[in-house]
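Architecture and fold: a report
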Amino acid sequence: MLDTVRKIAKGLLGQGTMDGVLGLAVGDGGVSPRLFEDPGDLGSLSLASKWPLAKIAVTVLGQCPDAYRLAVVCRGCDERALIELGKRNRIDTRRLHVIGVACSGEQAERCLCQQPWPSRVDAGVRAQGADLSGNDQVRQYLDSDRGVRLEKWREAFSRCIKCYGCRNACPVCNCSPCRLEDGLWVNRGEIAPDMFSFHLTRAMHVADACVACGACQDACPVGIPLMLLQLPMRAELHRSYQYEAGTESERHSPLLSNYIDEPAGGISIPDWTDSLRKNHGS
Amino acid sequence: MGPEFVKTVCPYCGSGCGLILMVRDGKVVGTYPDRFHPVSRGALCIKGWTAKEFIHHPDRLTAPLLKSGGRFKEISWDEAIGHMNERFDRTIAQYGAQAVGGLCSARCTNEENYLFQKLIRLGFGSNNVDHCARLCHGPTVAAMGRALGSGAMTNSIADFDGTECILAIGSNAAETFPVPMGELYRARERGARLIVVDPRTTEMAKNADSHLPLRPGTDIPLLNGMMSHILKCGLADQEYIDRRTEGFDQLVAYLKGWSPERAAEICGVAPDLIRQTAEIYARSRSAMVLFCMGITQHVCGTSNVFAVCDLALLCGHVGKDHSGICPLRGQCNVQGACDMGGLPAVLPGYQQVADIQKRNRFEAQWGAALPQTPGQTVTAAMAANDRQIRSVYVMGENPVMSDPNRSHTIEFLKNLDFLVVQDIFHTDTTRLADLVLPAACFAEKDGTFTNTERRVQLLRKAVDPPGQALDDYTILCRVARARGLDFTYADPSEVMDEIASLAPLYGGIRYGRLGSEGLQWPCPDYDHPGTPVLHREQFSRGQALFVVPEYSPPKEMPDERYPLVLITGRMFCHYHTGTMTRRSPFLDRETDRPFVEVHPRDASCRGICNGDAIRVTTRRGAIVTAARVTDRVGEGMIFASFHFSEAPADALTNDALDPISNVPEFKACAAEIVREAACPDH
């Protein structure tokens, strides 16, 4: 699998189709992101287990001249994030080329990922998406009595040290200026930040763009299960609008495009658990 | 053409989180966490995420500055080095080598601290080298050094996960060691009980299973009450005590006078809670005791640490997986600065200056005689009336902001014949200097830092320092060579090779071996994999020693004129004297104004509302700041963080010192507050 990716990257750089390939590299300091520009340099390329690169790709593009063409070694979630960003005019997807890498079944389980593959798989084999119904954490945080769930989330958020890691790491988190910083919704200089004004504001802001990459959760030092926070909204968007962020490059989020055209049933968000049981796993 | 990624270590606290810098066109343009770092595992705190913001700040010092006629003028490096050597030589000729002193830096690399103490000792002939550990974990190094033979954290940060009990005394890790706090929360999720001992209801206390809000400066009574109960219930690990310790009988005799009731009278924690806490700790099959400034920064700081060690040894909770004594070292390289001998009485590797054999070995390697008398600690030197120290070389320290009794510190520094300060920004200390040398920050040099769990990690240079600024390694070598010393190294890795040859703890440390995870000392030879847990078979001194902790209450207790206890400390979004974080826009936006925490009842009886301007006064001085009315502090106590130079907490603090380690009593003095004006935001 690594050799396949290396070959593709080498070809893209060697033929001058792409100016750089963003991936991971193994060096004397261990694994780290790397922008490969020299086709002879790909010996250190690595496909170490998940390191979301979409956000870094955006910054790289921003740092490079306008004509720079960037290939990115993408997992499914990376590609979906880049597509979302393209839709929202944050990046010019014409400058991008995806080298698609499929994730293993184990990786999908770790990420609670339903679609552990990019739109085109250049390396790796499509594995089965994770089965959420058996997942303990999902059950505790999303599938029990409302009072119990609220307590669970409150306890989790009480650990927050306001590192802003969730926001910094999220590839689709892009408001400028960021509402969490303005001191209006969230008190400055205090931890733990208020659960509703900090965490739920963030969750709502990315509600229809979340591609379930888990970068937020990976960046959280205190183990708040942030991925689970977004799951019900993703499920609801799927159920009511058959919409999944990052999967269709031409279709805008229903939350942006459906002010007039409500679906027959309307959108209701009271019972996360129903939507979870019925629709996840497809 | 495109950006590069450089792996390095965060320059703030002693967690030593992995940090990846994105570099383009000679500038750091992004920071990312390291997914596979053994400590941080893909996370960073708010300061780590914003660590790039101060690097290219326009305030960076870019040229040597000589004070002339009350102003600074730019001079060349050659002139600067020539000038400082001439001034130091003048002092030595007039007053002797013991009139020269140096402060090395807990924020500089191991290599730089090693070279600094080598320069002061060989180049100036003085053992007066010290640094800010004097203000913080000096008691830890002294007490654990004596009781166990080694003054460092006995276990690793990863060891918290899997322990049954975490007893946190005098630490607010949720704000000061945020990423390792995650490890503690993980431990809790796996069943560990978190017990927090702190006068304040900190973030950590709020999220604990149990909080003991003791009166400030009453840790020894509390611990004694716990220990006497443990003995009484037969919960002491007698087998461990017999096999691995000495001095037990003296402790038993001492504890006879310390019932939980007597303890409760002094510390204010209910006797039953003391008993319960003692039983939980003693009965746990594994337990980590974690401590920080709350117990060290007292006039009985060293004794406080003895008491902590006694408790852990009593229950056999040292020298095993998930059981140990964990001082959290604050600065990115304070552990290293101590390891490198940046201390008046020890050479690199904690080898005593007074030990002739050890000294001879250094002399043989360094090719010159070493001063024989241990030097003075910085706090004792400043407090002394005879003003023996006349010329000082400060590297990467800001004593005007960090040392107690600010007006006294300023007076001391102003009265020096010569003061040279090496730093990356102007600080309250550089402004008093005769000569200022522009230095490089963490992103602008190669070298190593040692984190709180003794992990030696590589920094990798990402960008060049601005203007004519040089990294401290280069500066020190040039100053030394100008004095005729042979400081010739191809690069910092050669300095580490030299360190390894002289300090057995670092014997096996070599750049090529540090890779992605670094190495935890002791690492005595090139095949040794490093040591995650200390004292497994034997303690560093053989048997561990029970030391009877001598209790003294805080030097300055509240009275009619100053009825409140002032506690000083830290907050999550700023770092120490704020020279870096106050210049980071994101962090400054998070908190840009100084504040003091005041209990609602203390506020209301003085007519103070949240946000009002208040004047805080102690016998040393006064500051005007904003009141943050909160029940995080108990009635009768106030809390100030020391990050804000416009309202410096050290204008208030007491320079009363612990007689053994000379740490100042930052955590307790007497204060009063009075309302100055309404909150400006209304």
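Residues numbered from 1 in each chain as written. Chains lettered and ligands numbered in written order. Predicted model: local features only at pLDDT ≥ 70, side-chain atom pairs only at ≥ 80, totals over all residues. Heavy atoms only, no water.

Some remarks on the overall build of chain A
Check the secondary structure of chain A and you find twelve helices and five strands. Scaling as 2.2 N^0.38, a compact globule of 282 residues should have a C-alpha radius of gyration of about 19 Å, and chain A matches this with 19 Å. Overall, the C-alpha framework of chain A stretches about 60 × 45 × 40 Å when taken along its three principal axes. Taking all 282 residues of chain A together, 54% fall into the buried category. Taking the intrachain contacts of chain A between residues at least 6 apart in sequence as the baseline, contacts between residues at least 24 apart amount to 64%. Charge centroids of chain A, computed over 33 positive and 34 negative side chains, lie 0 Å from each other. (Helix = DSSP H or I, 4+ residues; strand = E, 2+ residues; numbered from the N terminus. Rg over C-alpha atoms; globule rule 2.2 N^0.38 Å. Buried < 20%, exposed > 50% of the residue type's maximum accessible area, 1.4 Å probe, protein only. Contact = heavy atoms within 4.5 Å. Lys, Arg positive; Asp, Glu negative; His and termini not counted. Charge placed at Lys NZ, Arg CZ, Asp CG, Glu CD.)

A short note on the nonpolar core
In terms of nonpolar packing, the biggest core is built from 191 residues, with A:Leu22, A:Leu70, B:Met204, B:Tyr393, B:Phe442 and B:Tyr506 touching the most fellow members. Tallying contributions element by element places helix 10 (residues 226-241) of chain A first for this core, with seven residues. Not counting chain neighbours up to four residues away, the residues in contact with A:Leu22 comprise A:Arg34, A:Leu35, A:Leu53, A:Ile56, A:Ala57, A:Val60, A:Leu70, A:Ala71, A:Val72, A:Val73 and B:Phe5. (Core = buried A, V, L, I, M, F, W, Y, C linked by side-chain atoms within 4.5 Å.)

Notes on the state of the cysteines
Considering all chains together, one arrives at zero disulfides over all chains under this definition. Sulfur of B:Cys132: no disulfide; nearest cysteine sulfur belongs to B:Cys136 and is 5.9 Å away. (Disulfide = S-S within 2.5 Å.)

Looking at the pairing of strand 2 (residues 18-24) of chain B
Residue and element names in this part refer to chain B. Most of strand 2 is tucked away: seven of the seven residues are buried. The two faces of strand 2 match: Gly18, Ile20, Met22 and Arg24 on one face and Leu19, Leu21 and Val23 on the other face are all buried. Here strand 1 (residues 4-9) runs beside strand 2; their pairing, made up of six bridges, is antiparallel. Directly across from lysine 7, in strand 2, lies its bridge partner isoleucine 20. For strand 2 and strand 3 (residues 27-33), the ladder comprises six bridges, and the chain directions are antiparallel. Opposite leucine 19, over in strand 3, you have proline 33 as the bridge partner. Taking the residues between adjacent antiparallel strands as the criterion, strand 2 and strand 3 are bridged by two residues, where aspartate 25 takes a positive phi near 50°. (Pairing = 2+ DSSP bridges.)

A few points about the environment of B:Gly515
Residue and element names in this part refer to chain B. Position of glycine 515 relative to the elements: it lies in the loop between helix 22 (511-514) and strand 21 (519-520). Overall, the relative accessible area of 25% leaves glycine 515 in the partly exposed class. Between the C-alpha atoms of glycine 515 and glutamine 457, which are 58 residues apart in sequence, the distance is 8.2 Å.

Details of the pairing of strand 24 (residues 595-598) of chain B
All names here are of chain B. Along strand 24, one buried face is formed by Phe595 and Glu597 and the opposite face, lined by Val596 and Val598, is buried too. Relative to strand 26 (residues 622-629), strand 24 runs parallel, the two being bridged by four bridges. Across the sheet, the residue bridging to glutamate 597 is arginine 628, located in strand 26. Bridge count between strand 24 and strand 27 (residues 637-641): three bridges; the pairing is antiparallel. Across the sheet, valine 598 pairs through a bridge with isoleucine 638, a residue of strand 27.

Comments concerning helix 4 (residues 138-148) of chain B
An α-helical segment advances 3.6 residues per turn. Residues three or four places apart therefore align on the same side. Residues and elements named next belong to chain B. Across the eleven residues of helix 4, eight count as buried, placing the element largely inside the fold. By the burial criterion, the buried members of helix 4 are Gly138, Pro139, Thr140, Val141, Ala143, Met144, Ala147 and Leu148. Buried residues along helix 4 sit in contact with strand 12 (287-291), helix 13 (293-296), helix 14 (301-314), strand 13 (324-327), helix 15 (334-339) and strand 22 (544-545). Positioned one or two residues after helix 4, glycine 149 has a phi angle of 95°, which is positive.

Notes on the packing of helix 6 (residues 146-157) of chain A against helix 8 (residues 195-205) of chain A
All names here are of chain A. Between helix 6 and helix 8, the shortest axis-to-axis distance is 11 Å and the interhelical angle comes to 95°. As summarised for this structure, helix 6 and helix 8 are arranged roughly perpendicular, according to the angle between their axes. Counted together, Leu150, Trp153, Arg154 and Phe157 of helix 6 and Met195, Phe196 and His199 of helix 8 form the full contact between these two elements. Of the residues in the contact of helix 6 with helix 8, the class split is five nonpolar, one polar and one charged. (Axes fitted to C-alpha atoms, helices over the stretch in contact; angles between N-to-C directions. Parallel < 35°, antiparallel > 145°, perpendicular 65-115°, else oblique. Nonpolar A, V, L, I, M, F, W, Y, C, P; charged D, E, K, R; others polar.)

Examining the sheet that holds strand 12 of chain B
Residues and elements named next belong to chain B. Spatial ordering of the open sheet is given by 10-9-8-12-13, a layout of five strands whose pairing is parallel. Where the open sheet ends on each side, the last strands, each with one partner, are strand 10 (210-212) and strand 13. Put simply, the sheet's adjacent strands are angled 15° from each other on average, direction ignored. Bridge analysis of strand 12 against strand 13 gives four bridges, and the strand direction is parallel. Bridged to methionine 288 within strand 13 is glycine 324.

Thoughts on the environment of A:Pro33
If you trace the backbone, A:Pro33 turns up in strand 2 (residues 30-36). The exposure class assigned to A:Pro33 is buried, which follows from its relative accessible area of 2%. In this structure, the C-alpha to C-alpha distance between A:Pro33 and A:Ser46, residues 13 residues apart in sequence, is 9.3 Å. Leaving out residues up to four positions away in the same chain, A:Pro33 has contacts with A:Gly23, A:Leu24, A:Trp51, A:Leu53, A:Ile56, B:Phe5 and B:Ile20.

Quick look at a negative patch on the surface
Residues and elements named next belong to chain B. Negative charge collects at one region of the surface, where Asp446, Asp491, Glu494 and Asp497 lie side by side. Note on placement: aspartate 497 falls in helix 21 (residues 492-502). Owing to a relative accessible area of 31%, aspartate 497 belongs among the partly exposed residues under this scheme. (Patch = residues over 30% accessible without salt bridge, like charges linked within 9 Å, V, L, I, M, F, W, Y side chains within 5 Å. Areas by Shrake-Rupley, 256 points an atom, 1.4 Å probe, with all protein chains shown as cover. Salt bridge = Lys/Arg side-chain N within 4 Å of Asp/Glu carboxyl O.)

Quick notes on the interface of chain B and chain A
Taken residue by residue, the interface counts 43 residues in chain B and 45 residues in chain A. Summed over both sides, the interface between chain B and chain A buries roughly 3600 Å², with carbon and sulfur atoms accounting for 58% of that surface. Applying the counting rule to chain B against chain A returns five salt bridges. A:Glu181 is paired through a salt bridge with B:Arg589; the nearest N and O atoms lie 2.2 Å apart. (Buried area = accessible area lost by both parts, 1.4 Å probe.)

Digging into the sheet that holds strand 24 of chain B
Residue and element names in this part refer to chain B. The strand order 23-27-24-26-25-28 describes a closed barrel built from six strands, whose pairing is mixed. Recorded for the sheet is a direction-independent mean angle of 45° between the axes of neighbouring strands. Sheet analysis places strand 25 (residues 613-617) next to strand 28 (residues 669-677), joined by five bridges and oriented antiparallel. Along strand 28, the bridge assignment pairs threonine 617 with glutamate 672.

Some details on helix 16 (residues 356-366) of chain B
Residue and element names in this part refer to chain B. For helix 16, the full list of buried residues reads Arg359, Phe362, Glu363 and Trp366. Across the axial projection of helix 16, the buried residues extend over an arc of 100°, all falling on one side. Helix 16 presents Gln357 and Ala364 as exposed residues on the side facing more than 90 degrees away from its buried surface. Against the buried residues of helix 16 lie helix 3 (110-123), strand 14 (346-347), strand 15 (351-352) and helix 21. (Arc of directions from axis to C-beta.)

Considering the packing of helix 8 of chain A against helix 10 of chain A
All names here are of chain A. It is the contact of helix 8 with helix 10, at a shortest axis distance of 10 Å, that shows an interaxial angle of 50°. One element, helix 8, and the other, helix 10, form an angle in the oblique class. For the crossing formed where helix 8 meets helix 10, the hand is right-handed. Between helix 8 and helix 10, the residues in contact are His199, Leu200, Arg202, Ala203 and Met204 and Leu226, Leu229, Gln230 and Met233, respectively. The class makeup of the residues in the contact of helix 8 with helix 10 is six nonpolar, two polar and one charged. (Left-handed = near helix turned anticlockwise from the far one by under 90°.)

A look at the packing of aromatic side chains
The tally for this structure, following the rule as stated, stands at 20 aromatic pairs over all chains. Geometrically, the ring pair formed by A:Trp51 and B:Phe36 is edge-to-face, given 5.6 Å between the ring centres and 75° between the ring planes. Here the residue A:Trp51 occupies a position in the loop between strand 3 (45-46) and helix 2 (54-63), and B:Phe36 occupies one in the loop between strand 3 and helix 1 (46-49), the pair thus bridging two chains. By relative accessible area, A:Trp51 is classed as buried at 6%. Ring pairing ties together the aromatic residues B:Tyr12, B:Phe54, B:Phe425, B:Phe442 and B:Tyr575, which thus form one cluster. In this structure, B:Arg454 packs its charged tip against the face of B:Trp521, placed 6.0 Å from the ring centre. Sitting above the plane of the B:Phe595 ring, B:Arg628 keeps its charged end 3.8 Å from the centroid. (Phe/Tyr/Trp six-rings, centres within 6.5 Å; stacked < 30°, edge-to-face > 60°. Lys NZ or Arg CZ within 6 Å of the ring centre and 35° of its normal.)

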